[in-house]
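Residues per chain, in single letters:
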Amino acid sequence: MIAVYIETDGGSIKKSSLEALAYGADLAAQTGDQCAAVLLGSTSDVNLGDSGANKTLTITGDALSTFTAETFAAAMDQACAELDAHTIIISNTYNGKSIAPRLAVKRNAAIVSGVVSQADTSTGFSVRKSCFSNKAFAQVAVNGENRVITLIPNSYEVKSFGLSASASTSAYVGPQATVKSVSIDKVKGKIPLTEAELVVSAGRGMKGPENWGMIEELADILGAATACSKPVSDMDWRPHSEHVGQTGITIKPNLYIAVGISGAIQHLAGVSSSKVICVINTDPEAPFFKAADYGIVGDAFEVVPKLIARAKELKTA
Amino acid sequence: MNILVCVSPVPDTTTKITFADNNTKFNTNGVQFIINPYDELALTRALEITEAQGGEVTVITVGTAGTEPIIRKALAIGAHNAIRVNLDPVDAMQVAKAIQVAVADKSFDLILTGRESIDHNGGLVAGLLAELMGMNLINVVTKIDVDGTTVTAVRDIDGGRETVSCELPAVLSAQKDLCEPRIPNMRGIMQARTKPLQVVEYSESATGTSVSSFELPPAKEGVKLIDAANAGELIDLLRTEKKLI
Ligand SMILES: Cc1cc2nc3c(=O)[nH]c(=O)nc-3n(C[C@H](O)[C@H](O)[C@H](O)COP(=O)(O)OP(=O)(O)OC[C@H]3O[C@@H](n4cnc5c(N)ncnc54)[C@H](O)[C@@H]3O)c2cc1C
Ligand SMILES: Nc1ncnc2c1ncn2[C@@H]1O[C@H](COP(=O)(O)O)[C@@H](O)[C@H]1O
């Protein structure tokens, strides 16, 4: 059995978990196996059969009402024992990355994080992972009977499998949490950068925080999240949570629009696996153009308003 | 307060990545190795804590003799002593097990790692160590405060941050913003030469994973330039050619 951890946020299932489920379902089809979706804490009325599950298992218990790596890894361990799961797929989110290594030790499993494509099961079991901060990929052979794979969000398509999943529930029997949540501070009402399919990002070329209005407006019209370069967050022009790159967040959106960012190697490390990259920069020699699909050599203060205007026209057309 | 800081040697952030031996090995020719930037933050914060509350900071590296300049640098920054596990590690599980065995006869209140190494990008060692050693785990933290036997930390979550606390001992992994990394000074460099560096052997044959080959990302086809005067055309192209918006 292949088990997939389904992460919820405010009661709804994260898209990255549905990607992990599609990955698990395709892997099951490829190897003649079955795929189970594991929910922790609360049940969901979403039809996970259509998302690829042959079975859903929910582990319930008060200890699972808030996230801790310890209790969630123990609950996953319990679920995997019940399901007799040998392969576990977890999305590479902050919480997923906290559970996965603990679970690997409990299950005596090999672990590979940052996986970007479906496993090759023609001989043994091997996966492709991102390494050297997105500057390369490694093909990793995974030995042994048990394995934990963490999948980078936006690496795998969600699709409709048209299965109907049987559902069961078990009570959590693991330890109580020893790490206590004191408070949570979330950016409200905005698309979280790590989950965004479209991203509009800007750098020092914007001259100052007062000029971000047009970046936010463009992002708003496109339904995109906003990001920034390191110096911009270092100078507190933008919040830390927007900083992308080698020392910031790594993202892999379908579209990355970079405005007034030079394209230093450390910046590219966090964004170069974006599917389509557009660069707007006054300097035709800016290194970012080498990594771009589309480029506009021009002043952001003239170009961005034109993009906003055209996007508005198309929206109302 | 005794703190263990796990230090990984990694290629400098500006390194052009190339491979050798038919793309099966990272080509280290001419590559400058540095302390993993997140580990530098972990080390600095560990020093700040012991300076305020007393205690010692030990750094540990799993690596061959070639990693010793990195360990000496950590000692020059201020670590009190160092351990090197003499092994060229294959994966994060092997690193974590080697560290567990190497420190089995010692006791630490706090173990700090980086949030990930910038070469493997695993982000796994902290979680593996916590589970192997039966300790609490707080991953990817931007703030660490120790009060008596309680540690309070701020960790990154999707779209925000969470403040959590737990009892020591605990394993925490450092994220940027934790502190300003320290640079070694002349006195530190002199002192580092005489600080203890213990070398321990570790051998384990079976590991869970092995890299069979490396690959560079496919080159971009080349940029399609759009005239700034007709910038709006970009929006049309993204819609028609790429079907993105
Ligand atoms: C260890 C290390 C880690 C790092 N990690 C990161 C990281 O995670 N993320 C990151 O981003 N950086 C990182 N950096 C910093 C990186 O090297 C660059 O310094 C940084 O990315 C530059 O930011 P920028 O492009 O916004 O600014 P600049 O380099 O100053 O570039 C500004 C660009 O804007 C253009 N411009 C100016 N005016 C306009 C205008 N009116 N319209 C359009 N374009 C204009 C300029 O031509 C220029 O290309 C790191 C550095 C180190 C040493
Ligand atoms: N060879 C190593 N020796 C000591 N610590 C390491 C080693 N490799 C990784 N680490 C620690 O584990 C963290 C995460 O590494 P990784 O899981 O490889 O991304 C690093 O930031 C280090 O603190």
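Kindly report on the site of ligand 2, identifying the contributing residues and their values.
Residues and elements named next belong to chain B. Contacts to ligand 2 come from 20 residues, most closely from Cys6, Asp39, Val62, Ser117 and Gly123. At a separation of 2.7 Å, an oxygen atom of ligand 2 approaches a polar backbone atom of cysteine 6. Contact distances for ligand 2 include 2.9 Å between an oxygen atom and a backbone N or O atom of glycine 114. In the complex, 96% of the free accessible area of ligand 2, which totals 480 Å², lies under the protein chains. At the level of elements, β6 (56-62) and β8 (110-114) are the ones that each hand at least two residues to the shell around ligand 2. Top contributing element to the shell around ligand 2 by residue count: β6, with three residues. Its residues assigned to classes, the shell around ligand 2 shows eight nonpolar, ten polar and two charged.

Any details on the layout of surface pockets? Residues and values, ideally.
Quantified by volume, the second largest pocket comes out at close to 860 Å³. Lining of the second largest pocket is provided by 25 residues; of these, Asn134(A), Lys135(A), Ser272(A), Pro217(B) and Pro218(B) occupy positions nearest its centre. Residue contributions to the lining of the second largest pocket peak at three residues, all from helix α6 (residues 265-271) of chain A. Across the lining of the second largest pocket, the residue classes break down as twelve nonpolar, six polar and seven charged. Split by domain, the lining of the second largest pocket shows at least three residues from each of two domains, domain 1 (2-171) and domain 2 (193-316) of chain A.

Give me the lowdown on helix α3 (residues 94-106) of chain A, citing residues and values where you can.
A turn of α-helix holds 3.6 residues, and therefore any two residues three or four places apart point the same way. Residue and element names in this part refer to chain A. Most of α3 sits inside the fold, with eleven of its 13 residues counted as buried. The complete set of buried residues in α3 reads Tyr94, Asn95, Gly96, Lys97, Ser98, Ile99, Ala100, Pro101, Arg102, Leu103 and Ala104. Just downstream of α3 lies asparagine 108, where phi reads positive at about 50 degrees.

Describe the packing of aromatic side chains, listing the residues and the values that go with them.
As enumerated under the stated definition, the model contains nine aromatic pairs over all chains in all. Both rings, one in Phe19(B) and one in Phe214(B), keep their centres 4.5 Å apart while their planes meet at 5 degrees; by these two values the pair is stacked. Of this pair, Phe19(B) sits in strand β3 (residues 19-20) while Phe214(B) sits in strand β14 (residues 209-215), placing them 195 residues apart in sequence. Accessibility expressed as a relative area gives 14% for Phe19(B), which makes it buried. Members of the aromatic cluster, each reached through a chain of ring pairs, are Phe132(A), Phe19(B), Phe26(B) and Phe214(B). Over the aromatic face of Phe137(A) sits the side chain of Arg128(A), whose NZ or CZ is 4.3 Å from the ring centroid. Lying across the ring of Phe125(A), Arg147(A) places its NZ or CZ 4.0 Å from the centre.

Tell me what's going on with helix α6 (residues 233-240) of chain B, and back it up with residues and numbers.
Of the positions making up α6(B), those classed as buried are Leu234(B), Ile235(B), Leu237(B) and Leu238(B). Along the axis of α6(B), the buried residues cluster in a sector spanning 160 degrees; they form a single face. For α6(B), the secondary structure elements touched by its buried residues are α4 (213-222), β15 (255-259), β16 (276-281), β17 (294-297) and α7 (300-316) of chain A together with β15 (224-225) of chain B.

Can you break down the nonpolar core residue by residue, with the values?
By size, the foremost hydrophobic cluster in this structure holds 59 residues, and its most contacted members are Leu40(A), Met76(A), Ile99(A) and Ile60(B). When residues of this core are assigned to their parent elements, the largest contribution, nine residues, is made by helix α2 (residues 69-83) of chain A.

Can you break down unusual backbone geometry residue by residue, with the values?
Residues and elements named next belong to chain B. In this model, leucine 168 is joined to proline 169 through a cis peptide bond whose omega is 0 degrees. As for its position among the elements, proline 169 is in the loop between β11 (160-167) and β12 (170-174). With a phi angle near 50 degrees, asparagine 121 is a residue other than glycine that sits in the positive phi range. With respect to the secondary-structure elements, asparagine 121 resides in the loop between β8 and α4 (125-133).

Rules used in this analysis
- Residues numbered from 1 in each chain as written.
- Chains lettered and ligands numbered in written order.
- Predicted model: local features only at pLDDT ≥ 70, side-chain atom pairs only at ≥ 80, totals over all residues.
- Heavy atoms only, no water.
- Near = heavy atom within 4 Å.
- Polar contact = N/O pair within 3.5 Å; in protein donor to acceptor, adjacent residues only side chain to side chain.
- Areas by Shrake-Rupley, 256 points an atom, 1.4 Å probe, with all protein chains shown as cover.
- Helix = DSSP H or I, 4+ residues; strand = E, 2+ residues; numbered from the N terminus.
- Nonpolar A, V, L, I, M, F, W, Y, C, P; charged D, E, K, R; others polar.
- 1 Å grid on protein atoms, 1.4 Å probe; cavity = no way out; pocket = protein on both sides within 12 Å on 5 of 7 lines; lining within 4 Å.
- Points joined across faces, edges and corners; volume = space filled by probe spheres on them.
- Domains from an automatic or database assignment.
- Buried < 20%, exposed > 50% of the residue type's maximum accessible area, 1.4 Å probe, protein only.
- Phe/Tyr/Trp six-rings, centres within 6.5 Å; stacked < 30°, edge-to-face > 60°.
- Lys NZ or Arg CZ within 6 Å of the ring centre and 35° of its normal.
- Arc of directions from axis to C-beta.
- Contact = heavy atoms within 4.5 Å.
- Core = buried A, V, L, I, M, F, W, Y, C linked by side-chain atoms within 4.5 Å.

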